[in-house]
Amino acid sequence: MKCKGRCISEKLQLLRDHIKNIPGWRSNRKIVVFAVDDYGNVRVDSKAARERMNKAGLEIKSRFDAFDSLENEEDLSVLFETLSSVKDMDGRHPIFTALTVVANIDFESQRNSQSYKYELLPDTFTKLGYDKAWHLWQQGIQNGLLYPQFHGREHLNIKVLESNLSNSEYSTRIALANRSYTSIRNEFFPKLSYTAAFALDDLSEIDRQHQIIESGLDYFQQIFGFRSETFNPPGGREHSDLHSTLYKFGIKYIETPFIKNEHQGNDRYRRMINYTGKKNDQGQTFLVRNCLFEPGSDNSIDWVAYCLKQMEVAFRWGKPAIISSHRVNFCGNIDPNNRKVGLLALKALLAEIVTRWPEVEFKTTNELGNLVNSRRQ
Ligand SMILES: [Zn+2]
């Protein structure tokens, strides 16, 4: 019986994989994009911080609560080694489009304030003594292994944070005291995820979100020396009204799920269907991730086989394979075994990709977006 249920859900998943690949831009080329969220984000400070939070009763409800820590020197060096293990038909290595946040909570200033205080990403690396990791970041960009794009200014919902601060909420106080923002209870706005930066309780909050995007995109340029062209919001589901500000400050490509339930405030949502190549009224192009690779989650799944199957379906419909993943799969700061599992799976996936499709082309989200807009195939 158990297998029967599972077989049916696998078939339904396969059907969904086919359906989401039907509409949109097509090409016979075998294009592979890795879109990896959460770079730059401080969620759990360290193993010691996690242990102190456990002792204080803060629950681990996800692998993000357990392992999602700022990328350190070893995380990046072993990741780059793995990405360098294969080449595409043009002699290019796979490249992670690293959807990156440019700010984190300034934990020192936050101690004495009920309004949100933040610091810019390079300061976070310096404060944590991660200068070598930040140097590796620059090397990764130079060597074509890592390409930062805009995930958001910060990976948190400011309304939830500030309401918890003004109520002196316990889990928030404990997490912040441990230079972390994880395992947070959210009793005041339970419909909003505390990590979803653009979730809306009320439409009136949208003005602040426009400002967050404007300043975030300017900080991105200040930090990386170029403007971001792709955006994928933390927690997704941003209101379309924000697209005008994204456009004004350089965003050409917006990542979105195939079916998006967009926040409208007051617990109302607007459902829309998206596909790669669809344009909004600003002329921005949507990119829909159609393959999933999360080797650190559910270990009953063979993630390499699962991802390859989704790629096969994508290619059958003439679609690029846009592989969705998260940094947490490759984080070893809290548990090196977590990183090991993720990178072993990545290495196996890459080896299989270049064997099955020797004509593969590894690209960034921007390169794919440019190709889609050029109407070339
Ligand atoms: Zn994220």
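Residues numbered from 1 in each chain as written. Predicted model: local features only at pLDDT ≥ 70, side-chain atom pairs only at ≥ 80, totals over all residues.

Core analysis: the largest hydrophobic core is formed by 87 residues, its most contacted members being Cys307, Ala321 and Ile323. Counting residues per element, this core draws most heavily on helix 12 (residues 303-316), which supplies eight residues. For Cys307, the contacting residues outside a window of four places in its chain are Cys291, Leu292, Phe293, Ile323 and Leu349. (Core = buried A, V, L, I, M, F, W, Y, C linked by C-beta atoms within 7 Å. Buried ≥ 20, exposed ≤ 12 C-beta atoms within 10 Å, placed from the backbone. Helix = DSSP H or I, 4+ residues; strand = E, 2+ residues; numbered from the N terminus. Contact = placed C-beta atoms within 7 Å.)

Attention now goes to the pairing of strand 2 (residues 96-101). Here strand 2 lies mainly inside the structure; six of its six residues are buried. Taking every second residue as pointing to the same face, both faces of strand 2 are buried, with Phe96, Ala98 and Thr100 on one and Thr97, Leu99 and Val101 on the other. Taken together, the five bridges between strand 1 (residues 31-39) and strand 2 define a ladder with parallel strand orientation. By the bridge assignment, Phe34 is partnered in strand 2 with Phe96. For strand 2 and strand 5 (residues 146-152), the ladder comprises six bridges, and the chain directions are parallel. Directly across from Thr97, in strand 5, lies its bridge partner Tyr147. (Pairing = 2+ DSSP bridges.)

The next point concerns unusual backbone geometry. Leaving glycine aside, a negative phi is the common case for residues, and trans is the common case for peptide bonds. The phi torsion at Arg237 lies on the positive side, around 60°, for a residue other than glycine. Relative to the assigned elements, Arg237 resides in the loop between strand 6 (230-231) and helix 11 (243-248). Unusually for a residue other than glycine, Asn266 sits at a positive phi of about 50°. In this fold, Asn266 is placed in the loop between strand 8 (259-265) and strand 9 (268-273). Asn266 sits in the exposed class, given 10 other C-beta atoms within 10 Å.

In terms of residue burial, strand 12 (residues 321-326) counts as a mostly covered element, since six of its six residues are buried. Burial along strand 12 is two-sided: Ala321, Ile323 and Ser325 and Ile322, Ser324 and His326, pointing in opposite directions, are all buried. In terms of strand pairing, strand 1 meets strand 12 through six bridges, oriented parallel. Counted as the bridge partner of Val32 is Ala321 from strand 12. As defined by bridge partners, strand 11 (residues 291-292) adjoins strand 12 across two bridges and the pair is classed as parallel. Across the sheet, residue Leu292 finds its bridge partner in strand 12, namely Ser324.

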